[in-house]
Amino acid sequence: MSRRFDECVEEVLKHEGGFVDNPADPGGATNYGISLRYARSQGSMLDLDGDGDVDRDDIVRITPERAKLAYRDWE
């Protein structure tokens, strides 16, 4: 990853860190800025518990490192 990307993603993670599940948020459960809606759109890439679906349990398991990989895919 480029140095600039690393700097930017670290700044994003400062503001987007931590799990939230606000019913008013249309993206659903979110962790490190990765929403359930986005995770589902990526197929099995974010099926972190390996149960064949992407759901709230997978969002809870997102680590900063996994979030960085997802953000890298957006770049």
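None of the values given here were measured: they were computed from a predicted structure.

Draft legend 1. Seen up close, the nonpolar core. Counting 15 residues, the largest nonpolar core has Ile 34, Ala 39, Ile 59, Ala 67 and Tyr 71 as its most contacted members. Breaking this core down by element, the ones donating at least two residues are helix H1 (3-16), helix H2 (36-41) and helix H4 (64-74).

Draft legend 2. Up close: unusual backbone geometry. One non-glycine residue, Tyr 32, lies in the positive phi region at around 50°. Secondary-structure assignment places Tyr 32 in the loop between strand S2 (30-31) and strand S3 (34-35).

Draft legend 3. Looking closely at the sheet that holds strand S1 (residues 19-20). If you trace the three strands from one edge of the open sheet to the other, you get S1-S2-S3, paired in antiparallel fashion. The sheet terminates laterally at S1 and S3, the two strands that pair on one side only. Pairing of S2 with S3, which is carried by two bridges, proceeds in the antiparallel orientation. Note on S3: the bridge partner recorded for Thr 30 is Ser 35.

Draft legend 4. Geometry of the pattern of salt bridges. On inspection of all chains with the given rule, the structure shows five salt bridges. Residue Glu 7 is joined to Arg 4 by a salt bridge in which the shortest nitrogen-to-oxygen separation is 3.7 Å. Remark: Arg 4 and Glu 7 occur in helix H1; sequence separation between them is three residues, near one turn of the helix. Relative accessible area serves as the criterion here: at 57%, Arg 4 is assigned to the exposed category. Close ionic contact of Glu 10 with Lys 68 constitutes a salt bridge, the shortest N to O distance being 2.5 Å. Here Glu 10, found in helix H1, pairs with Lys 68, found in helix H4; they are 58 residues apart in sequence, far enough to count as distant. On the basis of relative accessibility, which here comes to 36%, the residue Glu 10 falls in the partly exposed class. Within the structure, one salt-bridge network assembled from shared partners comprises Arg 3, Arg 4 and Glu 7.

Draft legend 5. Layout of the confidence of the model for the chain. Chain-level statistics for the chain give a pLDDT mean of 91 and a share of 96% at 70 or above. Helix H3 (residues 56-60) holds the highest mean pLDDT among the elements of the chain, 97, whereas H4 holds the lowest, 87.

Draft legend 6. Highlighting the side chain of Thr 30. Inspection of the secondary structure assignment puts Thr 30 in strand S2. Of the residues examined, Thr 30 reaches a relative accessible area of 10% and is grouped as buried. At 3.0 Å, the side chain of Thr 30 and the backbone oxygen of Gly 28 are in polar contact.

Cut-offs and rules
Residues numbered from 1 in each chain as written. Predicted model: local features only at pLDDT ≥ 70, side-chain atom pairs only at ≥ 80, totals over all residues. Heavy atoms only, no water. Core = buried A, V, L, I, M, F, W, Y, C linked by side-chain atoms within 4.5 Å. Buried < 20%, exposed > 50% of the residue type's maximum accessible area, 1.4 Å probe, protein only. Helix = DSSP H or I, 4+ residues; strand = E, 2+ residues; numbered from the N terminus. Pairing = 2+ DSSP bridges. Salt bridge = Lys/Arg side-chain N within 4 Å of Asp/Glu carboxyl O. pLDDT = per-residue confidence, 0-100. Polar contact = N/O pair within 3.5 Å; in protein donor to acceptor, adjacent residues only side chain to side chain.

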